[in-house]
Amino acid sequence: MAKGIYLGIDSLSRKVKKMYLGIEGVARKVKKGYIGINGIARLFFAGGGKPVYAGETTPLPVLAARLAGASVSKYALFAGGTRGTSLTGTPNNQVTAYDDVQVQSIPDHLNSYAVELAGCSLPNHAIFAGGEESDRQVNAYDKNLSKISPAEELEYGRGYMPTAKVGDYAVFGPGFCTEPSFVIRNFTEAYDDDMVHYQCPSVSGSDSNSRYITGAANQNYAVFSGAATLSGQATGVTKALDADLTVTTATPGKSSFAKSGATVGDDQYAMFVGGTGSTGNWGPHSYAYAYDNDLVFSECEHLTEARSLAAAVSLYGTAIFAGGQISEDKGTALVETYEEDLVKGETFSLQSARYELAGAVAGDTAIIAGGYINESYAVATTQADLIKT
């Protein structure tokens, strides 16, 4: 018997991937469903599944490392980045989309070239904001891949921003600029799904010059953890914004910066892994820890391979951490996963080792794209890999 439920949408048969039941006013995820046939319980629905590597897909149309990813509807989008090497490079304003059957399309470009921009996903928009050259631009793409520019750009242009969703908001945290001069911008801003702009309390660490903060979300909070101080010391300071955009200080996480963050479970945990150590003790680290919906801290089984700057996505409750930097100008191909109960899951490899790459989800597929590949020095790539459930 086929184990699936299908709905007709726009004259197409679409498979149901998630199903929920209301229990005491709370939406609970259905993991398996059974129906009685001739007195025997037969499985008719199994939600999600373990992620597996599913090969390559159409490469990005331009070389891109230090790009951003975000999702909307059935699309995974990748925007901006640099076309060059880790030493020299040319920014781009390319936006590339993949649908849920991996058909590639090219929406309107960003308003300007951007490297180290941030991407965040809301129900009706994929939002890309900022850039390292004091860029204030905000570009949003709707379910039809039409570009919308909000009435208000970021008030404080910056790149290297952490981002996470909470309630109706996409939150963009503190960052910094490298051009025209180095400056840290200790501000937090948000956009709702109508592209209205909000100023928020800062989620910076105790040092107002904190940078390389990482964001992840659970059901109740956008959580921001870890940082580097101006002197290059790693911290574990963790702050969170709730759906009213009120800030709370949480139990500190592990001291590292340039971590990766993703949601685990049915929006149950904001999880953080890896990162880099303090100046003079670069690292990288294999830390793994999470915060639940009440900001209770849990330490998890560490990464098999220590790394920073991995791509991070959540696919049907499983957090996926792909690639990452393991030493200067050297990446890894390893993909590690954590399942709904924070238990370490499947491991597998991308087509090649790389870092400063990005991830986004389209349907039942996570797409990991771009990054620097290992050569005599790091060179941007167009590679795109598929991870499916």
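Coordinates for the structure precede this section.
None of the values given here were measured: they were computed from a predicted structure. Here the residue numbering is sequential within each chain, running from 1 through the sequence in written order. Since the coordinates come from a predicted model, pLDDT governs what is reported: local features require at least 70, and pairs of side-chain atoms require 80 or more to be given and counted, while whole-chain, interface and lining totals use all residues. Side-chain figures throughout are based on the complete set of non-hydrogen atoms in the structure, without hydrogens or water.

1. Looking at the overall build of the chain
Then step 1. Counting its regular elements, the chain contains zero helices and 39 strands.
Then step 2. Residues are treated as being in contact if the distance between any of their heavy atoms lies within 4.5 Å. If you take every contact in the chain between residues at least 6 apart in sequence, the share linking residues at least 24 apart comes to 52%.
Then step 3. Surface exposure here means Shrake-Rupley accessible area, sampled with a 1.4 Å probe, where a residue is shielded only by the protein chains that are shown. Working note: accessible area of the chain is about 15700 Å², and carbon and sulfur atoms make up 47% of it. Numbered from the N terminus, helices here are DSSP runs of H or I no shorter than four residues, and strands are runs of E no shorter than two.

2. Details of empty space enclosed by the protein
Then step 1. Using a grid of 1 Å spacing that covers the protein atoms alone, one calls a set of points a cavity when a 1.4 Å probe fits there but cannot get out, and a pocket when the set is open and has protein on both sides within 12 Å along at least five of seven lines; lining residues are those with an atom within 4 Å of a point. Grid points are joined across faces, edges and corners, and a volume is the space filled by probe spheres set on the points. As enumerated under the stated definition, the model contains two cavities of 30 Å³ or more in all.
Then step 2. For the largest cavity, the calculated volume is near 40 Å³.
Then step 3. For the largest cavity, the full set of lining residues is L60, V62, A64, L67, F78, A79, G80, N92, Q94, V95 and T96.
Then step 4. Listed by contribution, the elements that provide at least two residues to the lining of the largest cavity are β9 (75-79) and β10 (95-98).
Then step 5. Residues are grouped as follows: nonpolar covers Ala, Val, Leu, Ile, Met, Phe, Trp, Tyr, Cys and Pro; charged covers Asp, Glu, Lys and Arg; every other residue, Gly included, is treated as polar. A per-class count over the lining of the largest cavity returns seven nonpolar, four polar and no charged.
Then step 6. Its boundaries defined by the atoms lining it, the second largest cavity holds a volume of some 30 Å³.

3. Focus on the side chain of N92
Then step 1. Its place among the elements puts N92 in the loop between β9 and β10.
Then step 2. For N92, the contacting residues outside a window of four places in its chain are V62, L63, A64, G80, G81, T82, R83, Y113 and A114.

4. Some words on the pattern of salt bridges
When their charged atoms lie close together, side chains carrying opposite charge are able to pair.
Then step 1. Take a side-chain nitrogen of Lys or Arg and a carboxyl oxygen of Asp or Glu: if they are within 4 Å of each other, that pair is a salt bridge. Tallied over the entire structure, the rule returns ten salt bridges.
Then step 2. The partner of R66 in a salt bridge is E116, with the nearest N and O atoms 3.0 Å apart. Remark: E116 occurs in the loop between β11 (104-105) and β12 (118-121) and R66 occurs in the loop between β7 (52-56) and β8 (68-72); sequence separation between them is 50 residues.
Then step 3. Between D364 and K388 there is a salt bridge whose closest N-O contact spans 4.0 Å. Of this pair, D364 sits in the loop between β35 (358-362) and β36 (365-369) while K388 sits in strand β39 (residues 384-388), and the two are 24 residues apart along the sequence.
Then step 4. Any residue under 20% of the maximum accessible area for its type is buried, any over 50% is exposed, and the rest in between are partly exposed; the area is computed with a 1.4 Å probe on protein chains only. In this structure D364 comes out as buried when scored by relative accessible area, which is 17%.
Then step 5. Residues joined in a network through salt bridges with shared partners are R66, E116 and E132.

5. Quick notes on the packing of aromatic side chains
Then step 1. Here a Phe, Tyr or Trp ring, Trp counted by its six-membered ring, pairs with any other such ring whose centre lies within 6.5 Å, and the pair is stacked when the planes are under 30 degrees apart, edge-to-face when over 60, and tilted otherwise. Evaluated as defined, the whole model comprises 17 aromatic pairs.
Then step 2. Ring centres 6.1 Å apart and planes at 80° place the aromatic pair F78 and Y98 in the edge-to-face group. With F78 in strand β9 and Y98 in strand β10, this pair connects stretches of sequence that are 20 residues apart.
Then step 3. Arranged with centres 5.9 Å apart and planes meeting at 85°, the rings of Y289 and Y291 form a pair that is edge-to-face. Accessibility classification places Y289 together with Y291 in one group, the buried group.
Then step 4. Here a set of aromatic residues connected by ring pairs shows up, and it is made of Y160, F176, F182, Y212 and F257.
Then step 5. A positively charged side chain is recorded as over a ring if its NZ (Lys) or CZ (Arg) lies within 6 Å of the ring centre. The angle to the ring normal must also be within 35 degrees. Directly above the aromatic system of F176 lies the positively charged group of R211, at a separation of 6.0 Å from the ring centroid.

6. Some details on the pairing of β39
Then step 1. Within β39, four of the five residues are buried, which leaves it mostly tucked inside the rest of the structure.
Then step 2. Between any two strands, pairing holds if DSSP finds at least two bridges. Pairing geometry for β7 and β39, over three bridges, is antiparallel. If you follow E56 over to β39, its bridge partner there is D385.

7. Details of the sheet that holds strand β25 (residues 247-250)
Then step 1. Read across the open sheet, the four strands follow the order β22-β23-β24-β25; overall the sheet is antiparallel. At either margin of the open sheet sits one strand with a lone partner, and together these are β22 (214-217) and β25. On average, each strand axis in the sheet is inclined to that of its neighbour by 25°, with strand direction left out of account.
Then step 2. One ladder, built from four bridges, connects strand β24 (residues 234-241) with β25; its direction is antiparallel. Paired with K239 across the bridge in β25 is T249. Fitted lines through C-alpha atoms give the axes, limited to the stretch in contact for helices. The angle between two N-to-C directions lies from 0 to 180 degrees.

8. Remarks on the environment of S260
Then step 1. Along the polypeptide, S260 turns up in strand β26 (residues 260-264).
Then step 2. Overall, S260 belongs to the buried group, its relative accessible area being 4%.
Then step 3. The contacts of S260, once residues within four sequence positions are left out, are T214, M271, F272, V273, L309, A310, A312 and F321.
Then step 4. Distance and chemistry together define a polar contact, namely a pair of N or O atoms within 3.5 Å, with one atom able to donate a hydrogen and the other to accept it when in protein, and with adjacent residues in sequence counting only for side-chain atoms on both sides. From its side chain, S260 meets the backbone oxygen of A310 in a polar contact 2.8 Å long.

9. Some points on unusual backbone geometry
Apart from glycine, the bulk of residues carry a negative phi angle, and the bulk of peptide bonds sit in the trans form.
Then step 1. With a phi angle near 60°, D267 is a residue other than glycine that sits in the positive phi range.
Then step 2. Note on placement: D267 falls in the loop between β26 and β27 (269-273).
Then step 3. Judged by its relative accessible area of 39%, D267 falls in the partly exposed class.
Then step 4. One non-glycine residue, L309, lies in positive phi territory at about 55°.
Then step 5. With respect to the element layout, L309 can be found in the loop between β29 (297-299) and β30 (311-315).

10. Remarks on the side chain of H197
Then step 1. With respect to the helices and strands, H197 occurs in strand β21 (residues 197-200).
Then step 2. For H197, a relative accessible area of 11% corresponds to the buried category.
Then step 3. At 2.6 Å, the side chain of H197 forms a polar contact with the side chain of E189.
Then step 4. Residue contacts for H197: discarding those within four places in its chain leaves E152, E153, L154, E155, E189, A190 and Y191.

11. Things to note about the sheet that holds strand β14 (residues 138-141)
Then step 1. Read from one edge of the open sheet, four strands run β12-β13-β14-β15, paired in antiparallel fashion. In this open sheet, the two strands that pair with only one neighbour each are β12 and β15 (147-148).
Then step 2. Two elements, β12 and strand β13 (residues 126-129), share four bridges in a ladder whose sense is antiparallel. By the bridge assignment, S121 is partnered in β13 with A126.

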